[in-house]
Amino acid sequence: MRLKSSLVVTAAALATLVTPLLASPAAAAGGTEETVSANAYYGRMVIGWRINPYRLDPIQIIAQDRATDGYVVGIRLVTNGEVGHKVWSMRTVPSGQTSASWSTYLEAGWIDNAYFEVCKIKASNGAIASCDASRVMYNPFDDSSV
């Protein structure tokens, strides 16, 4: 019985060590995650960083509109890197829904860092009323030796 217990423990330990080695390429990429939260909205972005080719893949985006206040909630990615400072398109929670999620990727050369903004947008005219930015997410790969 003792041998059987030892085998089970050893198998569990090996699974813990081997599983990350067998994971998909997306899981092998370095990843970062941030959230922005307020009474009226919530935003979350999870970014997988790739180096060959340089890209952010996957990018998981979640936005929630928590208030019925005449505003819609939008979320947009901002990057800094090889192509300079770039503010990417705004994605908004569709009218009549309280949340939305997207999965995408981005190819823009080497990206040093990224953050996102969650914005309140006036429903009647589309004007951005305010935005809150996440903390900066830095590329987990060191390119200083290149």
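Report follows, based on the coordinates. As the structure is a prediction and not an experimental result, all values here were calculated from the model.

Cut-offs and rules
All residue numbers refer to positions counted from 1 along the written sequence of the respective chain. With the structure being a predicted model, the display of local features is reserved for residues of pLDDT at least 70 and the display and counting of side-chain atom pairs for 80 or more, all residues being used for whole-chain, interface and lining totals. To obtain the side-chain values, all non-hydrogen atoms of the structure were included, while hydrogens and water were left out. Numbered from the N terminus, helices here are DSSP runs of H or I no shorter than four residues, and strands are runs of E no shorter than two. For every residue, the accessible area obtained with a 1.4 Å probe (protein chains only) is divided by the maximum for its type, and the residue is called buried under 20%, exposed over 50%, and partly exposed between those limits. The Shrake-Rupley method, run with a 1.4 Å probe sphere, supplies the accessible areas, and residue values consider only the shown protein chains as cover. Only protein atoms enter the 1 Å grid used here, on which a cavity is any set of points holding a 1.4 Å probe that cannot leave and a pocket is any open set flanked by protein within 12 Å on both sides along at least five of seven lines; residues with an atom within 4 Å of a point are listed as lining. Grid points are joined across faces, edges and corners, and a volume is the space filled by probe spheres set on the points. Each residue gets one label: Ala, Val, Leu, Ile, Met, Phe, Trp, Tyr, Cys and Pro are nonpolar, Asp, Glu, Lys and Arg are charged, and the others, such as Gly, are polar. Pairing between two strands requires that DSSP report at least two bridges joining them. Only C-alpha atoms enter the line fits that serve as axes; for helices the fit covers just the stretch in contact. Angles between N-to-C directions range over 0 to 180 degrees. The term salt bridge refers to a pairing of a side-chain nitrogen on Lys or Arg with a carboxyl oxygen on Asp or Glu at a separation within 4 Å. We call two N or O atoms a polar contact when they sit within 3.5 Å, provided that within protein one can donate a hydrogen and the other can accept it, with sequence-adjacent residues counted only if both atoms are side-chain atoms. Should any heavy atoms of two residues lie within 4.5 Å, those residues are considered in contact.

All right, on to the overall build of the protein chain then. The helix and strand inventory of the protein chain stands at 2 helices and 10 strands. In sequence order, the secondary structure elements of the protein chain are arranged as α-α-β-β-β-β-β-β-β-β-β-β. Looking at the protein chain as a whole, 32% of its 146 residues are labelled buried. When the accessible surface of the protein chain is summed, it comes to about 8,900 Å², and 54% of that surface belongs to carbon and sulfur atoms.

If you walk through the whole model with that rule in mind, you get 1 cavity of 30 Å³ or more. For the lining of the largest cavity, the secondary structure elements donating two or more residues are strand 2 (41–51) and strand 3 (54–65). Residue contributions to the lining of the largest cavity peak at 3 residues, all from strand 3. Of the residues that constitute the lining of the largest cavity, the class distribution is 5 nonpolar, 2 polar and 2 charged.

All right, on to unusual backbone geometry then. Backbone torsion omega between Asn52 and Pro53 reads 0°, so that peptide bond is classified as cis. Relative to the assigned elements, Pro53 resides in the loop between strand 2 and strand 3. Going from Asp57 to Pro58, the amide bond is cis rather than trans, its omega being 0°. Mapped onto the secondary structure, Pro58 falls in strand 3.

Strand order in the open sheet formed by 4 strands is 1-2-3-7, and the pairing between neighbours is antiparallel. Looking at which strands have only one partner, the edges of the open sheet turn out to be strand 1 (30–37) and strand 7 (99–106). For this sheet, the mean angle separating the axes of adjacent strands, direction not counted, is 10°. Summarising the sheet, strand 1 and strand 2 pair through 8 bridges and their orientation is antiparallel. Paired with Val36 across the strands is Gly43, a residue of strand 2.

Counted under the stated rule, the structure contains 6 salt bridges. Asp57 is paired through a salt bridge with Arg55; the nearest N and O atoms lie 3.1 Å apart. Residue classification places Arg55 among the buried residues on the basis of a relative accessible area of 18%. Between Lys120 and Asp69 there is a salt bridge, with the nearest N and O atoms lying 3.6 Å from each other.

We now examine the side chain of Asp57. If you trace the backbone, Asp57 turns up in strand 3. Within the structure, Asp57 has its side chain in polar contact with the side chain of Arg55 (distance 3.1 Å). Once residues within four sequence positions are removed from consideration, Asp57 is found in contact with Gly48, Arg50, Thr104 and Tyr105.

Attention shifts here to the side chain of Arg76. In this fold, Arg76 is placed in strand 4 (residues 71–81). Look at Arg76 and you get buried, because its relative accessible area is 19%. In terms of polar contacts, Arg76 uses its side chain to reach the side chain of Glu117, at 2.6 Å. Excluding residues that lie within four positions of it along the chain, Arg76 makes contacts with Val87, Trp88, Ser89, Met90, Tyr115, Phe116, Glu117, Cys119, Ile128 and Cys131.

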